Amino acid sequence: MPEAEALERRTTELLQRLIRFKTVNPPGDEEAAQHFLRDTLGAAGFECELLAAVEARPNLIARLPGGSDGPRLCLLGHVDTVLADPSDWSVDPWSGELRDGCVWGRGALDMKSQVAAEVAAATLLAGDGWRPEAGELMLVLTADEEAGAKRGARWLCGEHADKVRCDLVVNEGAGEVLPFEGRRYYGVCVAEKGVFRFTIATRGVAGHASVPRIGDNALTKMAPLLEAMRNGRPALEPSPEAEALVAALGLDAGDLESALREAESRDPRVAVLLEPMLGVTLAPTMIHASEKINVIPARAELSVDCRVPPGGDEEHTRARVREVLGEDGYELRFEESIVGNRSPIETPLMDAVRRYVESEDPGAEVTPVVLPGFSDSHWFRDAFPDCVAYGFFPQQAMDVFEAAPLAHGADERVPVEDLGMAARCYARLVQEVLG
Ligand SMILES: [Zn+2]
């Protein structure tokens, strides 16, 4: 096991370097960062390959083969980030500045921190001469995660499946400590929700806006639909992940509605995070009607970002939407339909995570969680049905309530202590799984 201090220092330095590569997607521009990572991993003994769907946006695959056949463990990460408006920040978002015990900058949480911790753990191990006894250690560092992965993981898993085929994936998605009722929980993301974005259209009759009742206003027909989404939501849905999480929190897994009410009364912040893991969510985000202020619109369109628990399809989603919006008075058209997927909860990899948490934070618990959003784990589960893909970047100094608004927000930062913690985690998992 590499020394804890060396892991923390190397992770911190790597993260600072990575933040200084501006990889805001679009356009992404990941090439320089990927060359730096290739050189770093190559120097430690990894076989590296860059694969690009388009010029200047390569994905990096690095391998450290073992002596015999065995499991292939993939440490996954993306090097692109969302944008940042420097005027909202207290520091330059691409400075990688070290201040108040944290590294600051875009990507400090999502997810150059994890990439840095994975690379630090892998290179310190390999540099010390460690090799897998059996199987293979892979690092797959992708481009284009933040804009749909068409040039990243989705493309790799589709076009180069043989290059990225693996049995186990450790990726982003969870891991910050969740304090609740005096206990501490570390989430492991075992599932990603599906994405079913749709457009709601209402119809009327155009007319001159100076005589409102001469036409039939399609826009005002949106009012009851918006009102319904503000005041209601589809019923919660039992799932293995939802039930395991609710039970771990000491709530009634047999009645999710009452469990959520209970969470709300004990700590509303927990309820906010829990609710989207328990069912379909509807978030209306964009509306469009008349092109002119003096024309009553004959048609109005509302975009709704809808996220659906793993396994749910269009038909399932439609039924849930009807619970809230009723049967008629609108048309629904799906713009994007991606069925969410999951990995099993009880696996040797989960056991290894539990042993790690017990060693770092005795008495704390590990619980499966569902990612309300989306990550590259989805493409690996889709391409390799037996692959177990988890999201785990453990953080203790910064809890989930503090971290959640910072990812994609202003003043994104990560405590140096947490960088060390995550790097120790990956070094340990790699050695436990691969011998
Ligand atoms: Zn991310």
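Refer to the structure above for everything that follows.
Numbering of residues starts from 1 in each chain and follows the order in which that chain's sequence is written. Residue-level local features of this predicted model are given only where pLDDT is at least 70; pairs of side-chain atoms are given and counted only at 80 or more, and the full residue set underlies all totals for whole chains, interfaces and linings. In computing side-chain properties, one takes all heavy atoms of the structure into account and sets aside hydrogens as well as water.

Counting its secondary structure elements, the protein chain contains 14 helices and 19 strands. Taking 22 Å as the expected radius of gyration for a compact globule of 435 residues, we find that the protein chain reaches 23 Å, a close match to that expectation. Considering only C-alpha atoms, the protein chain reaches an extent of 80 × 50 × 45 Å along its principal axes. Taking all 435 residues of the protein chain together, 54% fall into the buried category. Considering only contacts in the protein chain between residues 6 or more positions apart, those separated by 24 or more positions represent 79%. To qualify as a helix, a DSSP run of H or I must reach at least 4 residues; to qualify as a strand, a run of E must reach at least 2; elements of each kind are numbered from the N terminus. Using C-alpha atoms as the atom set, the radius of gyration is obtained and then compared with a globule rule of 2.2 Å times the number of residues to the power 0.38. Relative accessibility decides the category of a residue: with a 1.4 Å probe and only protein chains considered, values under 20% of the type maximum give buried, values over 50% give exposed, and everything between is partly exposed. Pairs of residues are marked as contacts when any of their non-hydrogen atoms sit within 4.5 Å.

Bringing the coordination of the zinc ion into the picture now. For Na, K and Ca the donor cutoff is 3.2 Å, while for all other metals N, O and S atoms count as donors only within 2.8 Å; water does not appear among the atoms, so some sites may look incomplete. The protein atoms donating to the zinc ion are His-78 (NE2), Asp-110 (OD), Glu-172 (OE) and Glu-172 (OE), with metal-donor distances spanning 1.9 to 2.5 Å. In short, tetrahedral needs four donors with all angles between 85 and 135 degrees, square planar needs four and octahedral six donors with opposite donors over 155 degrees apart and all other angles between 65 and 115, and whatever is left is irregular. Taken together, the four donor atoms surrounding the zinc ion define angles of 54 to 148° at the centre, an arrangement classified as irregular.

For two strands to pair, DSSP has to find at least two bridges joining them. Across the sheet, four strands lie side by side as S12-S14-S10-S15; this open sheet has antiparallel pairing. The sheet terminates laterally at strand S12 (281-288) and strand S15 (331-338), the two strands that pair on one side only. For this sheet the average axis-to-axis angle between neighbouring strands, irrespective of direction, equals 20°. In this structure, strand S10 (residues 194-203) lies alongside S15, joined through seven bridges in antiparallel fashion. The partner of Arg-197 across the bridge, within S15, is Glu-336. On top of the sheet, helix H6 (residues 222-231) reaches S10, S12 and strand S14 (299-308); it is set at about 15° to S14, its chief contact. Lying over the sheet, helix H10 (residues 314-325) contacts S10, S12, S14 and S15, oriented at roughly 135° with respect to S15. All axes are obtained by fitting lines to C-alpha atoms, using only the stretch in contact for helices, and the reported angles, taken between N-to-C directions, cover 0 to 180 degrees.

Below, the discussion takes up the side chain of Asn-25. The topology assignment puts Asn-25 in the loop between helix H1 (4-20) and helix H2 (31-43). Under the relative-accessibility criterion, Asn-25 is labelled buried at 6%. In the analysis that follows, any N or O atom pair within 3.5 Å is treated as a polar contact, provided that within protein one partner can donate a hydrogen and the other can accept it, and provided that, for residues neighboring in sequence, both atoms belong to side chains. Only 2.9 Å separates the side chain of Asn-25 from the side chain of Asp-80, close enough to count as a polar contact. A polar contact is formed between the side chain of Asn-25 and the side chain of Asp-144, at a distance of 3.0 Å. With residues up to four places along the chain from it excluded, the contact list for Asn-25 reads Arg-57, Asp-80, Thr-81, Asp-144, Glu-145, Glu-146 and Ala-147.

Residues of H6 that are buried include every one of Met-222, Leu-225 and Met-229, and no others. For H6, the angular spread of buried residues about the axis comes to 65°, placing them on one side. Turned more than 90 degrees from where H6 packs its buried face, Pro-224, Arg-230 and Asn-231 sit exposed. Residues of H6 that are buried sit in contact with S10, S12, S14 and H10. Starting at the helix axis, one direction is taken to each C-beta atom, and the arc is that of these directions.

A few words on the packing of H1 against H2. Running from N to C, H1 and H2 point in directions that differ by 155°, and their axes come no closer than 10 Å. The orientation of H1 with respect to H2, classified from their angle, is roughly antiparallel. Contact residues: Leu-14, Arg-17 and Leu-18 in H1; Phe-36, Leu-37 and Thr-40 in H2. Each residue receives one of three labels: charged for Asp, Glu, Lys and Arg, nonpolar for Ala, Val, Leu, Ile, Met, Phe, Trp, Tyr, Cys and Pro, and polar for the others, Gly being one of them. Across the contact of H1 with H2, the residue classes break down as four nonpolar, one polar and one charged. Angle categories are assigned with fixed cut-offs, so that under 35 degrees is roughly parallel, over 145 is roughly antiparallel, 65 to 115 is roughly perpendicular, and the rest are oblique.

Among the eight residues that make up strand S2 (residues 58-65), seven are buried, leaving the element largely enclosed by the rest of the structure. Relative to S2, strand S1 (residues 47-52) runs antiparallel, the two sharing six bridges. If you follow Cys-48 over to S2, its bridge partner there is Ala-62. What sits between the antiparallel neighbours S1 and S2 is a turn of five residues, in which Ala-56 has the positive phi angle 70°. Summarising the sheet, S2 and strand S6 (residues 136-142) pair through six bridges and their orientation is antiparallel. Bridge pairing in S6 links Pro-65 to Glu-136.

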